[in-house]
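# Chains, contacts and geometry: an overview
For reference, the chains in residue letters:
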Amino acid sequence: MNREAVMSIAAEVEAMKPHFTTLSDSIWDFAELKFEERQSAGVLAGALEENGFAVRRGVAGMDTAFIGEFGQGKPVIAFLGEFDALAGMSQTAGVAEVKPLEPGATGHGCGHNLLGVGSLMAAVALARHLKTNNLPGTVRYYGCPGEEGGSGKTFMVRAGLFDDVDAALTWHPAPFNGVRSTNNLAVLEYFYRFKGMAAHASNAAHLGRSALDAVELMNVGVNFLREHMPQDCRVHYAITDTGGKAANVVQAKAEVLYLIRAPEIRQALDLAARVDKVARGAAMMTETEVEIVFDTASTNLLPNITLETAMHENMVALGPIAFDEADQAFAKVIQDTFTEEAIKSSIRLYQIKGDVFSNGKIDGSTPLHLGLRDFEGQSHFRAGSTDVGDVSWTTPTAQCWTPAWAIGTNPHTWQVVAQGKSPAAHKAMAHAAKTLASTGLSLMTSPELLATVKKEWLEKTEGSDYVCPIPADVMPGSHG
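All of the points below concern the structure found in this document. By convention here, each chain's residues receive numbers from 1 onward along its written sequence. For a predicted model such as this one, the threshold for reporting local features is a pLDDT of at least 70, and the threshold for listing and counting side-chain atom pairs is 80 or more; totals across whole chains, interfaces and linings nevertheless cover every residue. To get the side-chain values, all heavy atoms of the structure are used, and hydrogens and water are removed first.

The next thing to look at is the sheet that holds strand 10 (residues 289-298). One key point about sheets: their strands pair by backbone hydrogen bonds, in either a parallel or an antiparallel sense. Within the open sheet, the 4 strands sit side by side as 8-9-7-10. Their pairing is antiparallel. Two strands bound the open sheet, and with one partner strand each, they are strand 8 (234-241) and strand 10. Strand-to-strand, the axes of this sheet are offset by a mean angle of 20°, without reference to chain direction. Examined bridge by bridge, strand 8 and strand 9 (residues 253-262) share 7 bridges and lie antiparallel to one another. Opposite V235, over in strand 9, you have I260 as the bridge partner. Throughout, a residue-residue contact means that at least one pair of heavy atoms, one from each residue, lies within 4.5 Å. Axis definition: a line fitted to C-alpha atoms, limited for helices to the stretch in contact. Angles are taken between N-to-C directions and run from 0 to 180 degrees. Helical segments are the DSSP runs of H or I of at least four residues, strand segments are the runs of E of at least two, and each set is numbered from the N terminus. Contacts from helix 5 (residues 211-225) reach strand 7 (186-195), strand 8 and strand 9 within the one sheet, and its direction differs from that of strand 9 by about 20°. Sitting on the sheet, helix 6 (residues 265-286) touches strand 7, strand 8, strand 9 and strand 10, and the angle it makes with strand 7 is about 15°. In short, DSSP must find at least two bridges between two strands for them to pair.

Spelled out as structure tokens, the structure:
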């Protein structure tokens, strides 16, 4: 796409930035957990309607899921938005020390207040451009709840809501600017609920059957299993119910939540079957019963190099983000809370090996990334999981990152929450919106590009037996 069109989109985003910055900060304030994002979903859906989008609320069986649509005909370009927060992540904005607004309360520890609004800005900017230039095509914004452990997009895929989409675009706040093609892990989540028999732990311990013992034995067994599973797999757990706080009572119930990850969903299912055997063995050893309850799942991400390349080219055309001295100063005080190893680890995680604008290696000496990471045209392994994966198996999908955080910042930390309302984060959000809208316009105005994007996707999915990993009888959040 020519630079003039990119700059036109960029100007549209800049014009709407003040209003949408306020919207992002409001969602930061709401800090609502998965499937409870009623205020957040409400203001986002309202903003779509104010900008001429027709909105469908409560889609795919989720009260806080919605779709906004503008225009008509092909192609259909989707923008993915998230807006859920995390438990226990309360933190005062703009403060470079641990200072909860309310101890134990929620907070936007992954920057989804920025993510949802940035994607919304992109959808609105592209819609305005189409209207102004009388161009055909349909712009859709998908309000996707419950990304954090809820797999909202996977439920939307299961409902067929992406079946007619030609391509999907999204982004995520990060410490770096650019496109990084990743092969994320598939993930399955199960609750293992053990039921035993209560008894006095001293007078009649022989009559008790400890559900907590079963949980502990299961965890030990899975820890031994780690030695015998593929090296790219991951298994994590959290004891969600210990059965009580009284030490002189044999616990009659206990529960543990497991996340089982693998490079492909079939591998994850195979590994989950082995974890199930460990759980049943623990129940047998303790003479308890175990109920294995499926919670949710997401499939591994399917990269599209053609679409990612087009997104990178638009980021090159946009140029660097204009961070000022105040932005860098605040980022520096945040960065001072990290160890040197954390900063180096951040650089390794995002595979920052070169910079388009400085033509050099990023070393973390600048608190905010001023450049653009080079795009290698190939995918990298990334151990995280995302429900964007299921969208990518339904339609060609690409995403970018923009530097809303100081280099060294890790997701799901108080430092993310502290930076969530910063001017630098707002600039990064707007930059992401410009990138996504420009890429959407590239797809709408270049049939050749869209055809090549679809060709790659069809080649990669040929012979695929993809099936939504969430069974038809499982409802969002029903087992959490």
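A few words on the sheet that holds strand 12 (residues 397-403). Read across the sheet, 6 strands follow the order 1-2-4-3-5-12 without closing on themselves; strand pairing throughout is mixed. The open sheet terminates on both sides in strands that have one partner only, identified here as strand 1 (54-57) and strand 12. Ignoring strand direction, the axes of neighbouring strands in this sheet form an average angle of 20°. Pairing between strand 1 and strand 2 (residues 66-72): 4 bridges, direction antiparallel.

A few words on a nonpolar patch on the surface. Note that patches include only residues with greater than 30% relative accessible area and no salt bridge, and the join distances are 9 Å for like charges and 5 Å for nonpolar side chains (Val, Leu, Ile, Met, Phe, Trp, Tyr). Residue-level accessible areas treat just the shown protein chains as cover; the underlying method is Shrake-Rupley with a 1.4 Å probe. Any carboxyl oxygen of Asp or Glu within 4 Å of a side-chain nitrogen of Lys or Arg constitutes a salt bridge here. A contiguous nonpolar patch, built from V316, V356 and F357 and spanning about 200 Å² of accessible area, is present on the exposed surface. Tracing the backbone through its elements, the reader meets V356 in the loop between helix 9 (340-349) and strand 11 (380-381).

So, on to the nonpolar core. As used in this record, nonpolar core signifies buried Ala, Val, Leu, Ile, Met, Phe, Trp, Tyr and Cys residues forming a set joined through side-chain atoms within 4.5 Å. Exposure classes here rest on a 1.4 Å probe applied to the protein chains alone. A residue is buried below 20% of its type maximum, exposed above 50%, and partly exposed in between. Membership of the largest hydrophobic core comes to 63 residues, with the highest contact counts inside it found for F20, L44, F66, F79, M121, L169 and L443. Looking at which element gives the most residues to this core, the answer is helix 3 (residues 112-132), with 12 residues. Discounting residues that sit within four places of it in the chain, L44 has contacts with L23, I27, F66, F83, G116, V117, L120 and Y141. V59, Y192, Y258 and V275 belong to the second largest nonpolar core, which has 53 residues in total.

Time to look at the pattern of salt bridges. Going through the model one piece at a time under the given rule, you end up with 21 salt bridges. A salt bridge links E82 to K153; its shortest N-O distance comes to 2.6 Å. On the criterion of sequence distance, the pair formed by E82 in the loop between strand 3 (76-81) and helix 3 and K153 in helix 4 (residues 152-158) is long-range, its members being 71 residues apart. Its salt-bridge partner being E287, residue R209 comes within 3.4 Å of it at the nearest N-O pair. Of the two residues, R209 sits in the loop between strand 7 and helix 5 while E287 sits in the loop between helix 6 and strand 10, which places them 78 residues apart along the sequence. Residue classification places R209 among the partly exposed positions, given a relative accessible area of 25%. A relative accessible area of 57% places E287 in the exposed class.

With that out of the way, let us pick up the side chain of T182. Mapping T182 onto the fold places it in strand 6 (residues 182-183). Among the polar contacts made by the side chain of T182, one reaches the side chain of N184 at a distance of 2.6 Å. Apart from the residues lying within four places of it in its own chain, the contact partners of T182 are L301, P303, H380, R382 and W401. The term polar contact refers here to a pair of N or O atoms within 3.5 Å; inside protein, the definition further demands a hydrogen-donor-capable atom paired with an acceptor-capable atom, and it admits residues adjacent in sequence only when both atoms are side-chain atoms.

With that out of the way, let us pick up the packing of helix 1 (residues 3-30) against helix 7 (residues 305-318). Each pair of packed helices can be described by the angle between their axes along with the distance between the axes. With their axes 10 Å apart at the nearest point, helix 1 and helix 7 run at an angle of 75° to one another. In terms of their interaxial angle, helix 1 and helix 7 are classed as roughly perpendicular. Contacts from R3, V6, M7 and A10 in helix 1 reach N314, A317 and L318 in helix 7. When residues are sorted by character, Ala, Val, Leu, Ile, Met, Phe, Trp, Tyr, Cys and Pro go into the nonpolar class, Asp, Glu, Lys and Arg into the charged class, and all the rest, Gly among them, into the polar class. Counted by class, the contact of helix 1 with helix 7 contains 5 nonpolar, 1 polar and 1 charged residues. Roughly parallel here means an angle under 35 degrees, roughly antiparallel means over 145, roughly perpendicular means 65 to 115, and every remaining angle is called oblique.

Here we come to unusual backbone geometry. The omega torsion of the bond from K74 to P75 falls at -5°, within 30 degrees of zero and hence cis. Looking at the secondary structure, you find P75 in the loop between strand 2 and strand 3. At A60, a position not held by glycine, the phi torsion is positive, near 55°. Tracing the chain through its elements places A60 in the loop between strand 1 and strand 2. Phi is positive for S151, which is not a glycine, with a value near 55°. Along the chain, S151 falls in the loop between strand 4 (137-143) and helix 4. Owing to a relative accessible area of 4%, S151 belongs among the buried residues under this scheme.

On to the environment of A404, then. Residue position: A404 is located in the loop between strand 12 and helix 11 (414-418). Not counting the four nearest positions on each side in its chain, A404 is found in contact with L114, P173, A174, Q419, A425 and A428.

With that out of the way, let us pick up the packing of aromatic side chains. Ring pairs shown here join Phe, Tyr and Trp side chains whose ring centres sit within 6.5 Å, with only the six-membered ring taken for Trp; geometry is labelled stacked below 30 degrees between planes, edge-to-face above 60, and tilted in between. According to the stated counting rule, one finds 9 aromatic pairs in the structure shown. Considering the side-chain rings of Y190 and F294, the 5.7 Å spacing of their centres and the 85° angle between planes classify their relative orientation as edge-to-face. Placement of the pair is Y190 in strand 7 and F294 in strand 10, with a sequence separation of 104 residues. Since its relative accessible area comes to 10%, Y190 is described here as buried.

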